[in-house]
Amino acid sequence: GENVEQHPSTLSVQEGDSAVIKCTYSDSASNYFPWYKQELGKGPQLIIDIRSNVGEKKDQRIAVTLNKTAKHFSLHITETQPEDSAVYFCAANPSGYSTLTFGKGTMLLVSP
Amino acid sequence: SAVISQKPSRDICQRGTSLTIQCQVDSQVTMMFWYRQQPGQSLTLIATANQGSEATYESGFVIDKFPISRPNLTFSTLTVSNMSPEDSSIYLCSVEVPAGGSYEQYFGPGTRLTVT
């Protein structure tokens, strides 16, 4: 089955710095790669996603890149703010189906 | 997107009892999913629930322990049966909705279950 590895497990940055979270996946048939932000006591919130026919996607301060050959994708957050502090999860859809396999999560802490 | 609500938001239950969690979405959706998130951990898919058919369970999850109903296109329930402390988790429902010619998956706020 699909295996999604996520690094780092924790990331501390100063406000205004950039943050990068990386994920690798094992199933070459995966074609959908969403990123979720989960704040304490809340459900995961979809923040950006990318599909296999695209190499990069950007939405304001957030961008995601995908390298299908190497089977890895990354989340980039620029100009970080304290409200970006949360746990971020990457995911991939094994065999191209609707179900998602999640990485273990990255706790991002942005210090003022 | 989709607006998803879950009831209850949290509960404390005694071992051996059962709890039914409700999930309501504001639009008709074909695919609904139930996930479990153990304390401080990632999300693990329990089952896929499509209206009009039996739920499909992932390895390690069985219908007797986690029966699911999907009576219509906006509602589903997950029951956690004969609970033990190991069932203490956040239970999340999610839905797949059309987006830009494909699909996106959205999550509800979760049900925080503590079993004593």
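About the criteria used
Residues numbered from 1 in each chain as written. Chains lettered and ligands numbered in written order. Predicted model: local features only at pLDDT ≥ 70, side-chain atom pairs only at ≥ 80, totals over all residues. Heavy atoms only, no water. Helix = DSSP H or I, 4+ residues; strand = E, 2+ residues; numbered from the N terminus. Polar contact = N/O pair within 3.5 Å; in protein donor to acceptor, adjacent residues only side chain to side chain. Contact = heavy atoms within 4.5 Å. Salt bridge = Lys/Arg side-chain N within 4 Å of Asp/Glu carboxyl O. Buried < 20%, exposed > 50% of the residue type's maximum accessible area, 1.4 Å probe, protein only. Buried area = accessible area lost by both parts, 1.4 Å probe. Pairing = 2+ DSSP bridges. Axes fitted to C-alpha atoms, helices over the stretch in contact; angles between N-to-C directions.

Caption draft 1: Up close: the side chain of Gln38(A). Its location among the elements puts Gln38(A) in strand β4 (residues 32-38). Of the polar contacts made by the side chain of Gln38(A), one reaches the backbone oxygen of Lys42(A); its length is 2.9 Å. Apart from the residues lying within four places of it in its own chain, the contact partners of Gln38(A) are Gly43(A), Pro44(A), Ala86(A), Val87(A), Phe89(A) and Gln37(B).

Caption draft 2: Looking closely at the environment of Ile12(B). Residues and elements named next belong to chain B. Here Ile12 is to be found in strand β2 (residues 10-13). When the C-alpha atoms of Ile12 and Asn50 are compared, they prove to be 29 Å apart, with 38 residues separating the residues in sequence. Beyond its immediate stretch of four places on either side in the chain, Ile12 contacts Thr114 and Thr116.

Caption draft 3: Representation of the pattern of salt bridges in the model. Residue and element names in this part refer to chain A. Enumeration according to the criterion identifies five salt bridges over all chains in this entry. The shortest N-O distance in the salt bridge between Glu39 and Lys42 comes to 3.7 Å. Residue Asp49 pairs with Lys57 through a salt bridge whose shortest N-O separation is 2.9 Å. Since its relative accessible area comes to 3%, Asp49 is described here as buried. You can call Lys57 partly exposed: its relative accessible area is 35%. Bridged by salt links that share partners, the residues Asp49, Arg51 and Lys57 form one connected network.

Caption draft 4: The interface of chain A and chain B, seen in detail. Contact with chain A, which involves 17 residues of that partner, is made by 20 residues of chain B. Roughly 1,400 Å² is buried in total at the junction of chain A and chain B, and carbon and sulfur atoms are behind 53% of that figure. If you sort the residues of chain A by the area they bury against chain B, Pro44(A), Ser98(A) and Phe102(A) come out on top, with a joint share of 31%. Counting across the interface, chain A meets chain B through zero salt bridges. Summed over the shared surface of chain A and chain B, the number is eight residue pairs in polar contact (both at pLDDT 80 or more). Broken down by secondary-structure element, the contributors of at least two residues to the side of chain A that touches chain B are β4 and β5 (45-51) of chain A.

Caption draft 5: Spotlight on the sheet that holds strand β1 (residues 4-7) of chain B. Residue and element names in this part refer to chain B. Pairing in this open sheet of four strands is antiparallel, and the strands run β1-β3-β8-β7 from one edge to the other. Of all the strands in the sheet, the pair left with one neighbour each is β1 and β7 (68-72). With direction set aside, neighbouring strand axes in the sheet form an average angle of 15 degrees. Sheet topology places β1 next to strand β3 (residues 19-25); four bridges connect them, and they run antiparallel. In the strand pairing of β3, Ser5 is matched with Gln24.

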